[in-house]
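If you want the building blocks of each chain, they are given just below.
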Amino acid sequence: AQSVTQLGSHVSVSEGALVLLRCNYSSSVPPYLFWYVQYPNQGLQLLLKYTSAATLVKGINGFEAEFKKSETSFHLTKPSAHMSDAAEYFCAVSDPQGGSEKLVFGKGTKLTVNP
Amino acid sequence: KAGVTQTPRYLIKTRGQQVTLSCSPISGHRSVSWYQQTPGQGLQFLFEYFSETQRNKGNFPGRFSGRQFSNSRSEMNVSTLELGDSALYLCASSRDRGHIETQYFGPGTRLLVL
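First things first, this report covers the structure right here in the doc. Small disclaimer: the values here were computed from a predicted structure and weren't measured. (Residues numbered from 1 in each chain as written. Chains lettered and ligands numbered in written order. Predicted model: local features only at pLDDT ≥ 70, side-chain atom pairs only at ≥ 80, totals over all residues. Heavy atoms only, no water.)

**Brief notes about the sheet that holds strand β8 (residues 74-78) of chain B**
All names here are of chain B.
Point 1. Here four strands make up an open sheet; going across it, the order is β1-β3-β8-β7 and the pairing antiparallel. Each of the sheet's edge strands pairs with one partner strand only, and the pair in question is β1 (5-7) and β7 (64-68). Direction aside, the axes of adjacent strands within the sheet are offset by 20 degrees on average. (Pairing = 2+ DSSP bridges. Helix = DSSP H or I, 4+ residues; strand = E, 2+ residues; numbered from the N terminus. Axes fitted to C-alpha atoms, helices over the stretch in contact; angles between N-to-C directions.)

**Concerning the side chain of Q37 of chain B**
Point 1. Within the secondary structure, Q37 of chain B is located in strand β4 (residues 31-38).
Point 2. In terms of polar contacts, Q37 of chain B uses its side chain to reach the side chain of Q38 of chain A, at 2.8 Å. (Polar contact = N/O pair within 3.5 Å; in protein donor to acceptor, adjacent residues only side chain to side chain.)

**Focus: the state of the cysteines**
As used in these notes, a disulfide is a covalent bond between sulfur atoms, one from each of two cysteines.
All names here are of chain A.
Point 1. Under the defined criterion, the tally for this structure stands at two disulfides over all chains.
Point 2. The partner cysteine of C23 in its disulfide is C91, sulfur to sulfur 1.9 Å. Around the S-S axis, the bridge from C23 to C91 shows a dihedral of about -60 degrees and counts as left-handed. Residue C23 is located in strand β3 (residues 19-26), and its partner C91 is located in strand β9 (residues 87-94); the two are separated by 68 residues in the primary sequence. (Disulfide = S-S within 2.5 Å.)

**So, the sheet that holds strand β6 (residues 56-58) of chain A**
Note: strands within a sheet are paired through backbone hydrogen bonds, in either parallel or antiparallel orientation.
All names here are of chain A.
Point 1. Strand order in the open sheet formed by five strands is β1-β3-β8-β7-β6, with antiparallel pairing between adjacent strands. Strands with a single pairing partner mark the edges of an open sheet, and in this sheet they are β1 (3-7) and β6. Strand-to-strand twist of the sheet, defined as the mean angle between neighbouring strand axes without regard to direction, takes the value 20 degrees.
Point 2. As defined by bridge partners, β3 adjoins strand β8 (residues 73-78) across four bridges and the pair is classed as antiparallel. Paired with N24 across the two strands is S73, which belongs to β8.

**Things to note about unusual backbone geometry**
Point 1. Across the junction of T7 of chain B and P8 of chain B, the peptide omega takes the value -10 degrees, indicating a cis bond.
Point 2. Residue placement: P8 of chain B occurs in the loop between β1 and β2 (10-13).

**A look at the pattern of salt bridges**
Point 1. This structure, assessed with the given rule, holds six salt bridges over all chains.
Point 2. A salt bridge links E64 of chain A to K58 of chain A, with the shortest nitrogen-to-oxygen separation between them at 2.7 Å.
Point 3. On the basis of relative accessible area, E64 of chain A is assigned to the partly exposed category, the value being 23%.
Point 4. Salt bridges sharing partners connect three or more residues here, namely R63, E82 and D85 of chain B. (Salt bridge = Lys/Arg side-chain N within 4 Å of Asp/Glu carboxyl O. Buried < 20%, exposed > 50% of the residue type's maximum accessible area, 1.4 Å probe, protein only.)

**A short note on the packing of aromatic side chains**
Point 1. Inspection of every chain in the model, using the stated rule, returns 14 aromatic pairs over all chains.
Point 2. Here the aromatic rings of Y35 of chain B and F105 of chain B are separated by 5.6 Å at their centres, their planes lie at 50 degrees, and the arrangement is tilted. Taken together, the residues span a long stretch of sequence, with Y35 of chain B in strand β4 and F105 of chain B in strand β10 (residues 104-105) at a distance of 70 residues. Exposure class is identical for Y35 of chain B and F105 of chain B. Each is buried.
Point 3. Linked through ring pairs, F34, Y36, F90 and F105 of chain A together with Y35, F45 and F105 of chain B together constitute an aromatic cluster. (Phe/Tyr/Trp six-rings, centres within 6.5 Å; stacked < 30°, edge-to-face > 60°.)

**Notes on the nonpolar core**
Point 1. By size, the foremost hydrophobic cluster in this structure holds 26 residues, and its most contacted members are W35, L47, L48, F74, L76 and Y89 of chain A.
Point 2. Only β3, β4 (32-38), β5 (45-50), β7 (64-68), β8, β9 and β11 (109-114) of chain A provide two or more residues apiece to this core.
Point 3. Ignoring any residue separated from it by four or fewer positions in sequence, one finds L76 of chain A in contact with V19, L20, L21, W35, L47, L48, F63, E64, A65 and Y89 of chain A.
Point 4. Membership of the second largest hydrophobic core comes to 21 residues, among which are V19, F64, M76 and C91 of chain B. (Core = buried A, V, L, I, M, F, W, Y, C linked by side-chain atoms within 4.5 Å. Contact = heavy atoms within 4.5 Å.)

**Topic: the side chain of S74 of chain B**
Residues and elements named next belong to chain B.
Point 1. Tracing the chain through its elements places S74 in strand β8.
Point 2. Among the polar contacts listed, one links the side chain of S74 to the side chain of W34, at a separation of 2.9 Å.
Point 3. If we skip the residues at most four places from it in the chain, S74 touches L21, S22, C23, V32, W34, Y49, R67 and Q68.

**Considering the interface of chain A and chain B**
Point 1. Contacts between the two partners involve 20 residues from chain A, matched on the other side by 27 residues from chain B.
Point 2. Around 1800 Å² of area is buried between chain A and chain B when both sides are counted, 53% of it from carbon and sulfur atoms.
Point 3. Our count for the contact surface shared by chain A and chain B stands at four residue pairs in polar contact (both at pLDDT 80 or more).
Point 4. Taken together, the elements giving at least two residues each to the side of chain A that touches chain B come down to β4, β5 and β9 of chain A.
Point 5. The leading source of residues in the side of chain A that touches chain B is β4 of chain A, at four residues.
Point 6. Of the residues that constitute the side of chain A that touches chain B, the class distribution is eight nonpolar, eight polar and four charged. (Buried area = accessible area lost by both parts, 1.4 Å probe. Nonpolar A, V, L, I, M, F, W, Y, C, P; charged D, E, K, R; others polar.)

So, in structure tokens, the structure goes:
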């Protein structure tokens, strides 16, 4: 079975500082990996996705993530935090070989950006 | 093109009632999945529909059901509501089954059970 672990349910950074949100996955097959962002009272917005092409994936709003198979990680980074980045972030994994649309999500990391 | 739409956006029901939520996928998308989001359990997969057939189901009781119509629109139904069913219900659509990389989420329906 697949699973996702997001280290740190809350992360706080200063505006302009590096953002690093950690995600480790467990999967018996090469996975697809996703990062989503959720603003209060809204749905999930896709930030970026890894689908077995380049291991360094660039997404929207200046975010990027690197797939590291040896570490089973897919950490999300942004060089310089902006106040508008304050939101909850979810990492998710899917099994592309199974043909299913099912995503398994981590518990989420709430990002606070301090002025 | 328009994104995934969900109606209603907010709903208040009482215990024992039933509720039906609707999801219209992105035009051309044929696969629809549903998720439940609660503070305690996080985001959990409910079920997936493709070509009017349920293809996959999460670990939820039989009170949770759904269907998909020929135009790919989907509904989910929860019967005999319990307080614990209070949640944000998210719908996602993707172009075809097995193309989860094309999946996008709707804004969700927030259900409150009193």
